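# Examining the three-dimensional arrangement
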Amino acid sequence: MRIALFYTAVESFNFFADQLDHEFRSRGHETFIYDMMNPPEESLHSLAHFVEFVSAKVDIAVCFDGIGVRQEELINAWDAWDTVVIDILMDPPLRFHPVLEKHPKNYRLFCCDRDHVEYVRRYFPTEVPFVDFMPHVGVLPAQDAPVVPYSERKYDILFCGTYYRPQDRLAAPNRMLEEHPYIQELYQLMYRNLIADSDLKLDQALLLTLEQIELAVSEDTLKTLLSYMDNVDWAIRMYQREQVITVLAEAGFELYLLGRGWENHPCAQYPNVHRIDDRIPYEQTLAYMADAKINLNVFPWFKSGTHDRIFNTLLQRSLPLTDRSAWADNYFTDGEDIAFYDLKYLEQLPLIAGRLLNNPAEAEKIIQRGYEKVARDLTWTNCADWILDAVLEYQSQREHSIYGNAEMIQTDDNLGVSQPQVSEEFITFGRQIKPVILGLIANEQWNEAYSMTEQLLTLLPGDPEVLEMRQEIMRHIL
């Protein structure tokens, strides 16, 4: 099959795209990664090369957080080719209402938290007819990759992730708050409710808050309030990170923090709190994880979900110390293949961390059992399998062939040829390539110009300007 993936402004997503690209290619599929950050036209991932790739049928498009299905041109491209679009949300769906409301026709959504699945089913039952759960995965090192001996590791407790002051995030600019400042009071009360009860899901907290202030709203208004509470989501995440780090710092543990913003933490000046670096590429964090005895995790309010920080920790043969989620409780066993703490009883966290650090033999046994489980179930190899299986299952359920929505075009010799009807938006998309071809002609890159012109004619058949360009190119080639 032919599969499209994407590079974006999110560095970690680019790493994920590379992992899937490797997995798909190893299975014999043809792939292309389109860099949506507009690299130079000579880049292998440029718009020009992307148009060339999508001039033939694309079977699958895989994206993260809707990046690759938001643009009108891409939506029409995927619909023109009857492409199955796999959208994997790494963040809560409340951030992506516009994508959930408008997307390609063969749209298959996956969430990393079962509560997120239920959220989409409740609020977008018609717009998103298919949504399911897909856990995060981790990076499996090569079999011959060296392992740092547990007793020789640099870091006792490491946390990889960003930090912002919770109140700063809660007060961050928000278009709704600018237009309706009284809504900020609602979100402030909701934030306090989440602090008081860490078991609450975000939408549950909003409903509770509306009940407390005796405000009845319509379903549409409720969806709007949910879509603008990104600040609350960030604030409660940062609050819990702040609390967890504070408890361990005040207990005297040597803590190492890797990520942006930790200079703003209340314990940043403690002698036992060390900032390693501000921000490094996703792949480089794995080496830091491998050099830590314990890797700390605080779920980003995924109450029934997963996080790749846990899986990468185990695959790097380190010990994850994490708060709980319904999914993690079901998959792992505390003290067997993971170590849990409870957000409701953070006073116990130093006791748990101390016991693990003082019993390296026990820690290494937990790591080994967790490694074996995650290496079997939760790697990028598994993720590629899930995607391909989902596409094949979807295709098998359809009543028509992969070109079932294509119209029959009668050729001059009266043969029926099944071809997808290219949309006006896709034609406009193709016209953007004309300047690229003109540049190739100006630089006398005749072979490259010829190849791109032939591909462009599949999008703009009979276009006089393109035909003229081809005629000039042919004069030089022949």
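Below, the structure is looked at part by part. (Residues numbered from 1 in each chain as written. Predicted model: local features only at pLDDT ≥ 70, side-chain atom pairs only at ≥ 80, totals over all residues. Heavy atoms only, no water.)

## Thoughts on the overall build of the protein chain
In terms of helices and strands, the protein chain carries 21 helices and 14 strands. By the burial criterion, 56% of the 478 residues in the protein chain qualify as buried. The long-range share in the protein chain, meaning contacts at least 24 apart out of those at least 6 apart in sequence, stands at 65%. Carbon and sulfur atoms provide 48% of the accessible area of the protein chain, an area that totals close to 21600 Å². (Helix = DSSP H or I, 4+ residues; strand = E, 2+ residues; numbered from the N terminus. Buried < 20%, exposed > 50% of the residue type's maximum accessible area, 1.4 Å probe, protein only. Contact = heavy atoms within 4.5 Å. Areas by Shrake-Rupley, 256 points an atom, 1.4 Å probe, with all protein chains shown as cover.)

## With respect to unusual backbone geometry
One can expect most non-glycine residues to show negative phi and most peptide bonds to be in trans. The residue Asn-38 is not glycine, and still its phi comes out positive at about 55°. Along the polypeptide, Asn-38 turns up in the loop between β2 (30–35) and α2 (47–54). A positive phi angle, close to 55°, is found at Asp-65, a residue other than glycine.

## Some points on the sheet that holds strand β4 (residues 84–89)
Read across the sheet, six strands follow the order β2-β1-β3-β4-β5-β6 without closing on themselves; strand pairing throughout is parallel. Each edge of the sheet is formed by a strand with only one pairing partner; in this case those strands are β2 and β6 (131–133). Across the sheet, the mean angle from the axis of one strand to that of its neighbour is 25°, orientation sign disregarded. One ladder, built from five bridges, connects β4 with strand β5 (residues 107–111); its direction is parallel. (Pairing = 2+ DSSP bridges. Axes fitted to C-alpha atoms, helices over the stretch in contact; angles between N-to-C directions.)

## Observations concerning empty space enclosed by the protein
Per the stated rule, a full pass over the model turns up two cavities of 30 Å³ or more. When its volume is computed, the largest cavity comes out at roughly 100 Å³. Lining the largest cavity, in full, are Phe-16, Phe-64, Ile-88, Met-90, Cys-112, Met-134, Pro-135, His-136, Val-137, Asp-308, Trp-380 and Cys-383. If you add up the space inside the second largest cavity, you get close to 50 Å³. In terms of lining residues, the second largest cavity is bounded by Leu-5, Phe-6, Thr-8, Phe-13, Ala-17, Val-62, Cys-63, Phe-64 and Ile-67. Those elements giving two or more residues to the lining of the second largest cavity turn out to be β1 (2–7), α1 (11–26) and β3 (60–64). For the lining of the second largest cavity, the leading source of residues is β3, giving three residues. Considered class by class, the residues forming the lining of the second largest cavity number eight nonpolar, one polar and no charged. (1 Å grid on protein atoms, 1.4 Å probe; cavity = no way out; pocket = protein on both sides within 12 Å on 5 of 7 lines; lining within 4 Å. Points joined across faces, edges and corners; volume = space filled by probe spheres on them. Nonpolar A, V, L, I, M, F, W, Y, C, P; charged D, E, K, R; others polar.)

## Notes on the nonpolar core
Leu-20, Val-62, Trp-78, Tyr-187 and Phe-332 are the most contacted members of the largest nonpolar core, which has 110 residues in total. Take this core: its biggest share by element is eight residues, from helix α17 (residues 380–397). Contact partners of Phe-332, with chain neighbours within four places excluded, come to Ile-310, Phe-311, Leu-314, Trp-327, Asp-337, Ile-338, Phe-340, Lys-373 and Val-374. If you look at the next biggest cluster of nonpolar residues, it comprises 33 residues, including Met-238, Ile-245, Phe-253 and Ile-366. (Core = buried A, V, L, I, M, F, W, Y, C linked by side-chain atoms within 4.5 Å.)

## Topic: the packing of aromatic side chains
In the structure shown here, the tally under the stated rule is 25 aromatic pairs. Taken together, a centroid distance of 5.7 Å and an interplanar angle of 85° make the contact between Phe-159 and Trp-262 edge-to-face. Note that Phe-159 is positioned in strand β7 (residues 155–160) and Trp-262 in the loop between β8 (255–258) and β9 (273–277), a separation of 103 residues in sequence. Each member of the pair Phe-159 and Trp-262 is classed as buried. Ring centres of Trp-327 and Tyr-331 lie 4.8 Å apart, and the angle between their planes is 15°; on these two criteria the pair is classed as stacked. Of the two residues, Trp-327 and Tyr-331 are both situated in helix α14 (residues 326–331); the distance of four residues between them amounts to about one turn of the helix. Under the relative-accessibility criterion, Trp-327 is labelled buried at 11%. Judged by relative accessible area, which is 18%, Tyr-331 ranks as buried. Directly above the aromatic system of Trp-301 lies the positively charged group of Lys-303, at a separation of 3.9 Å from the ring centroid. (Phe/Tyr/Trp six-rings, centres within 6.5 Å; stacked < 30°, edge-to-face > 60°. Lys NZ or Arg CZ within 6 Å of the ring centre and 35° of its normal.)

## What to know about the pairing of strand β11 (residues 319–322)
Side chains of β11 alternate between two faces, with Leu-319 and Leu-321 and Pro-320 and Thr-322 buried alike. Bridge count for strand β10 (residues 292–297) against β11 is four bridges, and the pairing is parallel. Residue Asn-295 lies in a different strand from β11, and its bridge partner there is Pro-320. Each parallel crossover has a hand, and the one from β10 via helix α13 (residues 308–315) to β11 is right-handed. Sheet topology note: the β11/strand β12 (residues 339–340) ladder contains two bridges and is parallel. The residue of β12 that forms the bridge with Leu-321 is Ala-339. Handedness of the β11-α14-β12 crossover: right-handed. (Right-handed = clockwise from strand over helix to strand, strands pointing away.)

## Examining α17
Between its first and last C-alpha atoms α17 spans 26 Å; for 18 residues at 1.5 Å apiece the expected length is 26 Å, and the two agree. Residues Trp-380, Asn-382, Cys-383, Ala-384, Ile-387, Leu-388, Ala-390, Val-391 and Tyr-394 constitute the buried set of α17. Against the buried residues of α17 lie β1, α1, β3, β4, β5 and α16 (360–377). (Expected span 1.5 Å × (residues − 1).)

## Thoughts on the sheet that holds β11
Ordered in space as β9-β8-β7-β10-β11-β12, the six strands form an open sheet in which the pairing is parallel. The open sheet has two edge strands with one neighbour each: β9 and β12. Here β7 pairs with β8 via four bridges, running parallel. Within the sheet, the bridge partner assigned to Leu-158 lies in β8 and is Tyr-256. Across the face of the sheet, helix α11 (residues 230–250) comes into contact with β7, β8, β9 and β10 while running at roughly 150° to β8. Its contacts with the sheet put helix α15 (residues 349–357) on β7, β10, β11 and β12, and the angle it makes with β11 is roughly 170°.

## Remarks on the layout of surface pockets
When its volume is computed, the largest pocket comes out at roughly 1100 Å³. Lining the largest pocket are 37 residues, with Ser-12, Thr-162, Arg-279, Tyr-282 and Arg-309 sitting closest to its centre. For the lining of the largest pocket, the secondary-structure elements that each account for two or more residues are α1, α11, α12 (282–290) and α13. If you tally residues by element for the lining of the largest pocket, the top one is α1, at four residues. Class assignment of the residues belonging to the lining of the largest pocket gives a composition of 17 nonpolar, eight polar and 12 charged. Lining of the second largest pocket is provided by 13 residues; of these, Pro-141, Ala-145, Pro-146, Val-147 and Arg-317 occupy positions nearest its centre. A per-class count over the lining of the second largest pocket returns nine nonpolar, two polar and two charged.

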